[in-house]
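Read off the chains here:
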Amino acid sequence: MSVHSARDALTRRDFAALLAGTATAAVGVQPTFVRAAMWPAAPDLHSRSVSFARPRPSAAQLAWQRDEFALFLHFGVNTFTDCEWGDGKEDPQIFNPASLDARQWARTAREAGARCVILTAKHHDGFCLWPTKTTAHSVASSPWRGGRGDVVREFCDAVREEQLRVGLYCSPWDRNAAVYGESPKYNDFYIAQLTELLTQYGEIAEVWFDGANGEGPNGRKQVYDWLHIWGTVRRLQPNAVMFSDAGPDIRWIGNERGSAGDPNWSTVDPSIVTVPGVDGPEIIRSLQHGDRDGTVWRPGETDVSIRPGWFYHPAEDTKVKSVDELVRIWFSSVGRNSKLLLNVPPNRDGLLSAPDVQRLREFRTARDALFAGEVPSLDWAWREMSGPRLEGAAILPRPTPIDVIRLGEAIENGQQVARYRVEGETAGSAWRVLASGQTIGYCKLDRFDSPVAVSRLRVIIEEIVDDVPTVNVRLFAAAT
Ligand code: FUL
């Protein structure tokens, strides 16, 4: 997968216009399969004033991060054609998930420990899972529920019933829409679809803009009016975060393998992709790692599928990721200051399949076991030092075999830690480095190959960007 950088920068004037609600400027994307990164050369859309302080998350970005774990549901005509990318010519008659039960999706998500669920309301094939007024290419033309069904409605109701938050994916690239590539017309069409989704289904926590794009028939290239699109979402759902390859609120982590960068800053430098000639690897690096001196808060989301594909394929029933692999992904996503968005695709019956449900249960059990032995919070004594900038020490009530250390910064004040190490006093009074790293952010997890019995601990924050951070330390003892 490649990321291209050749895109028109949003100017500061465009951004001011966006805030004033008068924006019309557009940002282009590449005509091949790209993850298009588009960062406005301006502060975060949440902020109306330019500040020189280090960036901080908005309330919506904080809530997004605190979820830690969300499920992604890829569902649509591809489920019935065994495809990953439909070409838009699919007959709506093939969509008939006879036993669809969104409550099973939502219950499974809650039991797995997810706090948000995101559904593909429309994938690249253009088939809409809700009875939209914008096109006949939707569930209304299918035999499912006699053409009177609405997957998005059933999904939203079920997810909220389980006290989880709702996210919607609506693909910008549309291989069915006749107006795709006639830029102003398609922008209107797409904004009308978003307007339906964002006004008829209650509170939406996340709107997911996929950067994948193969463009339209006859090589017609759609020039997206991102300022207008993002502005519409902000106006209709001010508490939602918007994901796209590069924002405006949440950035893509740069791969679909479940691996965030280490280090991983939640701040980015928006100018890096507005300089003409910057090529792919540099953008991927920025997406993976963020930027310590970045001027906007744009944390990374790690999306990965539990199966090889994003959509359901019967042949992949035996290829569901192992628990060990999922736990490894947890450490390389949530454990690296990211959020995990794990895809689990409903099948042709409209249900999550038995192997996936079973694996999600095992994944939850494995996490519960890993984090079951939390050491009751210790009395930490923190002091500011001249060399190492901050040092915290604590005594354990008895020597305890530590398996995992979870560090976290109070990110509402921004991200500050650039280097740290954790030392433990082991039997025989020898101090030994248990963990060391660069960024901490919302959550940094360090796991040991074998548990280490320690009686005292020191956390040394060796490098701080700006202000002295508040660092929270949680210790987890190995199961005995
Ligand atoms: C990609 C898409 O092309 C895939 O089909 C999937 O939706 C994934 C999450 O993003 O860019």
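Residues numbered from 1 in each chain as written. Predicted model: local features only at pLDDT ≥ 70, side-chain atom pairs only at ≥ 80, totals over all residues. Heavy atoms only, no water.

Chemist: What is the right way to look at the confidence of the model for the protein chain in this model?
Modeler: Note that predicted coordinates carrying low pLDDT should not be read in detail. For the protein chain, mean pLDDT is 87; residues scoring 70 or higher make up 86% of the total. Segment residues 1-51: pLDDT under 50, and 146 contacts once partners within four positions in sequence are set aside and those in other chains are kept. Note on residues 273-278: pLDDT is under 50 here. Beyond four places in sequence and across chains, it has 11 contacts. (pLDDT = per-residue confidence, 0-100. Contact = heavy atoms within 4.5 Å.)

Chemist: Help me understand the packing of aromatic side chains, please; the structure alone is not making it clear to me.
Modeler: Each aromatic ring pair is characterised by the separation of its centres together with the angle its planes make. Going through the model one piece at a time under the given rule, you end up with 27 aromatic pairs. Relative to Phe363, the ring of Trp330 has its centre 6.0 Å away and its plane inclined at 75°; by these criteria the two rings are edge-to-face. Here Trp330, found in helix H9 (residues 323-332), pairs with Phe363, found in helix H10 (residues 354-370); they are 33 residues apart in sequence, far enough to count as distant. Here Trp330 matches Phe363 in class, with each residue buried. Ring geometry for Phe331 and Phe371: centres 6.4 Å apart, planes at 25°, overall stacked. Of the two residues, Phe331 is situated in helix H9 and Phe371 in the loop between H10 and strand E15 (381-384); the sequence distance between them amounts to 40 residues. Overall, Phe371 belongs to the partly exposed group, its relative accessible area being 22%. Above the plane of the ring of Trp431 lies Arg458, whose end atom (NZ or CZ) is 3.9 Å from the centre. (Phe/Tyr/Trp six-rings, centres within 6.5 Å; stacked < 30°, edge-to-face > 60°. Helix = DSSP H or I, 4+ residues; strand = E, 2+ residues; numbered from the N terminus. Buried < 20%, exposed > 50% of the residue type's maximum accessible area, 1.4 Å probe, protein only. Lys NZ or Arg CZ within 6 Å of the ring centre and 35° of its normal.)

Chemist: Can you walk me through the sheet that holds strand E5 (residues 116-122) in this structure?
Modeler: Paired through backbone hydrogen bonds, the strands of a sheet run either parallel or antiparallel to each other. Spatial ordering of the closed barrel is given by E4-E5-E6-E7-E9-E10-E13-E14, a layout of 8 strands whose pairing is parallel. The sheet shows a mean angle of 25° between the axes of neighbouring strands, taken without regard to direction. In this structure, strand E6 (residues 165-170) lies alongside strand E7 (residues 206-208), joined through 3 bridges in parallel fashion. Paired with Leu168 across the strands is Val207, a residue of E7. (Pairing = 2+ DSSP bridges. Axes fitted to C-alpha atoms, helices over the stretch in contact; angles between N-to-C directions.)

Chemist: Hey, could you run me through the nonpolar core in this one?
Modeler: Generally speaking, a soluble globular protein has its nonpolar side chains buried in company with each other. Among the nonpolar cores identified, the biggest contains 80 residues, and Trp105, Leu119, Val151, Val152, Phe155, Phe209 and Leu342 are the most heavily contacted of them. If you tally residues by element for this core, the top one is helix H6 (residues 183-199), at 7 residues. Setting aside residues no more than four positions away along its own chain, Phe209 makes contact with Cys170, Pro172, Tyr190, Leu194, Trp226, Ile229, Trp230, Val233, Met242, Phe243, Ser244 and Asp245. In this structure, Val452, Ile464, Val473 and Ala477 belong to the second largest nonpolar core, which totals 26 residues. (Core = buried A, V, L, I, M, F, W, Y, C linked by side-chain atoms within 4.5 Å.)

Chemist: When you look at the environment of Asp324 in this model, what are you seeing that I'm missing?
Modeler: Structurally, the position occupied by Asp324 is in helix H9. Remark: the alpha-carbon pair of Asp324 and Phe363, spanning 39 residues in sequence, is separated by 8.3 Å.

Chemist: Explanation requested: the site of the ligand in the structure shown.
Modeler: Residues in contact with the ligand amount to 13 residues; listed here are only the nearest, His74, Trp85, His123, His124 and Asp210. Tyr169 is positioned with one of its side-chain polar atoms (N or O) 3.4 Å from an oxygen atom of the ligand. Looking at the shell around the ligand, its residues break down into 6 nonpolar, 3 polar and 4 charged. (Near = heavy atom within 4 Å. Polar contact = N/O pair within 3.5 Å; in protein donor to acceptor, adjacent residues only side chain to side chain. Nonpolar A, V, L, I, M, F, W, Y, C, P; charged D, E, K, R; others polar.)

Chemist: How do you make sense of the pairing of strand E18 (residues 430-437) when you look at a structure like this?
Modeler: Each regular strand shows side chains that alternate between the opposite faces of the sheet. As judged from the 7 bridges shared by strand E17 (residues 417-426) and E18, these two strands associate in the antiparallel manner. Opposite Glu423, over in E18, you have Val433 as the bridge partner. Between the antiparallel neighbours E17 and E18 lie 3 residues, among them Gly428 with a positive phi of about 85°.

Chemist: I would appreciate a short explanation of the pattern of salt bridges in the present structure.
Modeler: One side chain can pair with another of opposite charge once the charged atoms of both are near each other. For the coordinates displayed, the defined rule picks out 27 salt bridges. In this structure, the salt-bridge partner of Glu182 is Lys185, at a minimum N-O distance of 3.2 Å. The partner of Arg359 in a salt bridge is Glu362, and the shortest N-O contact between them spans 2.9 Å. Of the two residues, Arg359 and Glu362 are both situated in helix H10; the distance of 3 residues between them amounts to about one turn of the helix. Using a relative accessible area of 28% as the deciding quantity, one classes Glu362 as partly exposed. Ionic contacts of the salt-bridge type, sharing partners, join the residues Arg292, Arg419, Arg421, Glu423, Arg458, Glu462 and Glu463 into one network. (Salt bridge = Lys/Arg side-chain N within 4 Å of Asp/Glu carboxyl O.)

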